[in-house]
Amino acid sequence: MTMQYSKRSIPATTMATFMSAKFETYKEYREATLALIQGASHSLMMYERDFSQCGLESRAMTEAMAALLARNPAAQIRILAHSTEFIASQCPLLLELENRQNQRLQMHLANPDMPALFSPFILADMQRFVRRCHFDWPKSECADDARDVAKMRQAFDKAWECSNVTPDWRRLDL
């Protein structure tokens, strides 16, 4: 599969219009992530260090996840992070959505004893993904390569099994 570098904004994707692309900036990464989530129809697997680079704190991102859950009663969103601090302090809309949809939007903390997955990614509908090359770099891509999807899903499922449910996502409001 050959991918082209793209400097344009990515519109909301659907399976029929999804196009592979590579990106060099965090802005492009956030736009591609939002488009992927807006185009999801039944599932999201999200893996990042703390989600501070993908725009998870934005109203648009939370609205896209809420829309997915509203249009498909069987939809599932799983969020796996290595740190709860960013979400706990910067993502109140996401935490509200998780509170209302806690059976379908689940957040886990990665087990520190488990080796980290190599790169952060978001997998939609077990078919399309956005992934960064490394936790510390904005260089990223969106694609739908079946082999990469299978590897991501297997790695995510293994990390999810070893992850922890924690109350650390919530700050105490005293």
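Each remark here, short or long, concerns the structure printed above.
Residues numbered from 1 in each chain as written. Predicted model: local features only at pLDDT ≥ 70, side-chain atom pairs only at ≥ 80, totals over all residues. Heavy atoms only, no water.

Caption draft 1: Expanded view of the overall build of the protein chain. For the protein chain, the count of helices and strands is five helices and seven strands. Ordering the α and β elements of the protein chain from the N terminus gives β-α-β-α-β-α-α-β-β-β-β-α. Residue burial in the protein chain is summarised as follows: out of 174 residues, 46% are buried. Taking as baseline every contact in the protein chain between residues at least 6 positions apart, the subset at least 24 positions apart corresponds to 70%. A total of about 9,100 Å² of accessible surface is found on the protein chain, and carbon and sulfur atoms cover 52% of it. (Helix = DSSP H or I, 4+ residues; strand = E, 2+ residues; numbered from the N terminus. Buried < 20%, exposed > 50% of the residue type's maximum accessible area, 1.4 Å probe, protein only. Contact = heavy atoms within 4.5 Å. Areas by Shrake-Rupley, 256 points an atom, 1.4 Å probe, with all protein chains shown as cover.)

Caption draft 2: The pattern of salt bridges, seen in detail. This structure, assessed with the given rule, holds nine salt bridges. Across the pair R128 and D125 runs a salt bridge whose closest N-O atoms are separated by 3.0 Å. The class for D125 is buried, based on a relative accessible area of 3%. E141 serves as the salt-bridge partner of R131, at 2.6 Å between the closest nitrogen and oxygen. Placement of the pair is R131 in strand β6 (residues 128–132) and E141 in strand β7 (residues 140–143), with a sequence separation of ten residues. Several salt bridges share partner residues, and in doing so they unite R78, R153 and D157 into one network. (Salt bridge = Lys/Arg side-chain N within 4 Å of Asp/Glu carboxyl O.)

Caption draft 3: Quick peek at helix α2 (residues 59–71). For α2, with 13 residues, the first-to-last C-alpha span of 18 Å sits near the 18 Å given by 1.5 Å per residue. For α2, the full list of buried residues reads M61, T62, A64, M65, L68 and L69. Seen along its axis, α2 keeps its buried residues to an arc of 160°; they face one direction. In α2, those exposed residues whose orientation departs by more than 90 degrees from the buried face are R59 and A70. The secondary structure elements touched by the buried residues of α2 are α1 (26–39), β2 (43–48), β3 (76–81), α4 (92–100) and β4 (105–109). (Expected span 1.5 Å × (residues − 1). Arc of directions from axis to C-beta.)

Caption draft 4: Structural view of the nonpolar core. If you look at the biggest cluster of nonpolar residues, it comprises 34 residues, and the most contacted ones within it are L44, M46, L56, M65 and I87. Per-element tally for this core: the top contributor is α2, with five residues. In contact with L44, not counting residues within four places along its chain, are I37, M65, L68, Q76, I77, R78, I122, L123 and A124. (Core = buried A, V, L, I, M, F, W, Y, C linked by side-chain atoms within 4.5 Å.)

Caption draft 5: Geometry of the pairing of β3. Most of β3 is tucked away, with five of its six residues classed as buried. Here β2 pairs with β3 via six bridges, running parallel. Within β3, the position partnered with M46 by the bridge is I79. Where the polypeptide runs from β2 across α2 and back to β3, its parallel neighbour, the crossover connection is right-handed. Note: β3 against β4, five bridges, orientation parallel. Looking at β4, one finds that R78 is bridged to Q106. (Pairing = 2+ DSSP bridges. Right-handed = clockwise from strand over helix to strand, strands pointing away.)

Caption draft 6: Representation of the packing of aromatic side chains in the model. This model, assessed by the stated rule, comprises four aromatic pairs. Ring centres 5.9 Å apart and planes at 45° place the aromatic pair Y47 and F121 in the tilted group. Taken together, the residues span a long stretch of sequence, with Y47 in strand β2 and F121 in strand β5 (residues 121–124) at a distance of 74 residues. Seen in terms of ring centroids, F156 and W160 are 5.6 Å apart; in terms of plane orientation they differ by 20°. Their pairing is stacked. Of this pair, F156 and W160 both sit in helix α5 (residues 146–161), separated by four residues, roughly a single helical turn. (Phe/Tyr/Trp six-rings, centres within 6.5 Å; stacked < 30°, edge-to-face > 60°.)

Caption draft 7: Representation of the sheet that holds β3. Taken in spatial order, the seven strands of this open sheet run β1-β7-β6-β5-β2-β3-β4, and their pairing is mixed. For this open sheet the edge positions go to β1 (21–23) and β4, each flanked by a neighbour on one side alone. Within this sheet the neighbouring strands show an average axis-to-axis angle of 10°, counted without direction. Across four bridges, the pairing between β6 and β7 is antiparallel. Its bridge partner being in β7, F129 is matched across the sheet by A143. Contacting β1, β2, β5, β6 and β7, α1 runs over the sheet at an angle of about 160° to β6. Along the sheet, α4 makes contact with β3 and β4, crossing β4 at roughly 115°. (Axes fitted to C-alpha atoms, helices over the stretch in contact; angles between N-to-C directions.)

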